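# Per-entry structural report
Take a look at the letters that make up each chain.
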Amino acid sequence: MMPPHPRAAAWPIQLPASVMKKPMVITQGDAAGIGPEIIVKAWLEAPEVLAGCFVAGDVATLRRAAGWVQGEGVSVPVAQITTPAEAAAVPPRCIPVLQAVAVAGLVTPGRVSAQAGRMAGDCVVWAARAALRGEVGAVVTAPLNKEALSAAGAPYASFPGHTELLQAEAARHLGCTPAQVPVRMMLANDELRTVLVSIHVSLREAIERVRAAHVLETLRITHHAVGAALGRAPRIGVAGLNPHAGEGGLFGREEIEQIAPAVAQAQAEGIDARGPFAPDTVFMRARAAHGRSGEFDVVVAMYHDQGLIPVKYLGVERGVNVTLGLPFVRTSPDHGTAFDRAGSGRADAQSLLAAIRMARDLMS
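Residues numbered from 1 in each chain as written. Predicted model: local features only at pLDDT ≥ 70, side-chain atom pairs only at ≥ 80, totals over all residues. Heavy atoms only, no water.

Scanning the protein chain for helices and strands turns up 11 helices and 12 strands. Here the protein chain has a C-alpha radius of gyration of 20 Å; the compact-globule value for 364 residues is 21 Å, and the two agree. Each principal axis of the C-alpha atoms in the protein chain carries an extent, and together these give about 60 × 45 × 40 Å. The long-range share in the protein chain, meaning contacts at least 24 apart out of those at least 6 apart in sequence, stands at 73%. Taken as a whole, the protein chain presents about 15000 Å² of accessible surface, with 54% of it coming from carbon and sulfur. (Helix = DSSP H or I, 4+ residues; strand = E, 2+ residues; numbered from the N terminus. Rg over C-alpha atoms; globule rule 2.2 N^0.38 Å. Contact = heavy atoms within 4.5 Å. Areas by Shrake-Rupley, 256 points an atom, 1.4 Å probe, with all protein chains shown as cover.)

Shown next as structure tokens:
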């Protein structure tokens, strides 16, 4: 029998009641992508949702984005602030921006650049450290581009994306290694939630990571984090790795040798986990639709695309990415930088607004 995780007793991380009174920070994302534009659109379309929020980014970049979005003749002013507390004094439909990056000139929209990658990384680091210091109640990240982040060089080239960078910052703050701050990605909308055993690795490596200890750790994180959000123990459906969940070993033995033992250990710890189930049907069983709740509150998927395709198929504009296991709330839209639309003013802010609403729910 596998031993309990050394941090299991500490989950979920309890957020103090004072968090709700703190401002929320939105990082601008890659300046060459649609991040700045969806931020402006969010303030334009739903200022009530943005109350108490501010942007960690570049003032000039946000002002340029405001110019692209203001084609309908509605002014969206950008006000520079110097501390998070100043955001509360900024009027509605005026975007408070804290200059979180060195002023280095505007980048070309729709083009990968090291400058944009470094700016995006600097914004994320600033926001994470502010959250870890207790200055903000939650972090919402606009999309960054992984190629640009890598092009920025050290320290960002070693991070595949937001999740790993935020994990490293949390570990630095806590004085431990990233491995001691286990995190998982959850993608969610109003119909389906899925948590991933592995994230930004090759499919070959993802298969290698389907090990009982890693699956069990994912189940523990899911149980505590999703349970804290729901106010009760979540019903967890576990996807198999192979077609038909291995069909009793005919199509692979990972279900028998790795996944099922992890589920059994989780059940012994009081976690309501069931499976492994065939991955081509478990998401349908979990989906809440037509006024009915699903059979499961969340599905644990074995790798990135297995879990994200079903949620994204239901509507990218409604999806929210949540990082579970961090000592602060972090959400983000369920889409990328969309370089092909950057600078057009046509980007859709609905996923960003959904991410902000979910962050508020998780803060409460």
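Overall, the coordinates contain 2 aromatic pairs when judged by the stated rule. If you follow R285 out to its NZ or CZ, it ends over the ring of F277, 4.3 Å from the centre. (Phe/Tyr/Trp six-rings, centres within 6.5 Å; stacked < 30°, edge-to-face > 60°. Lys NZ or Arg CZ within 6 Å of the ring centre and 35° of its normal.)

When the terminal C-alpha atoms of helix 7 (residues 212–230) are compared, their 26 Å separation across 19 residues agrees well with the 27 Å that a helix rising 1.5 Å per residue should span. Positive phi shows up at G231, right after helix 7, with a value of about 80 degrees. (Expected span 1.5 Å × (residues − 1).)

Before going further, it helps to spend a moment on the environment of A88. Relative to the elements of secondary structure, A88 occurs in the loop between strand 3 (78–81) and strand 4 (95–99). Sequence separation between A88 and P23 is 65 residues, and the spatial gap between their C-alpha atoms is 7.8 Å.

A word on the pattern of salt bridges. All told, the structure shown has 14 salt bridges when counted by the stated rule. R285 is the partner of E295 in a salt bridge, and the nearest nitrogen-oxygen pair spans 2.7 Å. One end of the pair, E295, is in the loop between helix 9 (282–286) and strand 10 (298–301); the other, R285, is in helix 9, with 10 residues separating them in the sequence. Taken together, the salt bridges that share partners define one network made up of R129, E169 and R172. (Salt bridge = Lys/Arg side-chain N within 4 Å of Asp/Glu carboxyl O.)

The next subject is the packing of helix 7 against helix 8 (residues 254–268). At a minimum axis separation of 8 Å, helix 7 and helix 8 run at an interaxial angle of 40 degrees. Considering the angle they form, helix 7 stands oblique to helix 8. As for how helix 7 packs across helix 8, the hand of that crossing is right-handed. Where helix 7 approaches helix 8, its residues A212, V215, L216, L219 and R220 are matched on the opposing element by Q258, A262, V263, Q265 and A266. (Axes fitted to C-alpha atoms, helices over the stretch in contact; angles between N-to-C directions. Parallel < 35°, antiparallel > 145°, perpendicular 65-115°, else oblique. Left-handed = near helix turned anticlockwise from the far one by under 90°.)

Judged by how many residues are buried, helix 1 (residues 35–45) sits mostly within the fold: 10 of 11 residues are covered. Burial in helix 1 covers these residues: G35, P36, E37, I38, I39, V40, K41, A42, W43 and L44. In this fold, the buried residues of helix 1 make contact with strand 1 (24–27), strand 2 (53–57), helix 2 (59–69), strand 4, strand 12 (329–333) and helix 11 (350–363). (Buried < 20%, exposed > 50% of the residue type's maximum accessible area, 1.4 Å probe, protein only.)

This brings us to the packing of helix 1 against helix 2. Helix-helix packing is described using two parameters, namely the angle between the two axes and the distance between the axes. At a closest axis distance of 8 Å, the pairing of helix 1 and helix 2 adopts a crossing angle of 65 degrees. As helix 1 packs across helix 2, the resulting crossing turns out to be right-handed. Of the residues in helix 2, those touching helix 1 at P36, E37, I39, V40, K41 and L44 are T61, L62, A65, A66, W68 and V69. Considered class by class, the residues forming the contact of helix 1 with helix 2 number 9 nonpolar, 1 polar and 2 charged. (Nonpolar A, V, L, I, M, F, W, Y, C, P; charged D, E, K, R; others polar.)

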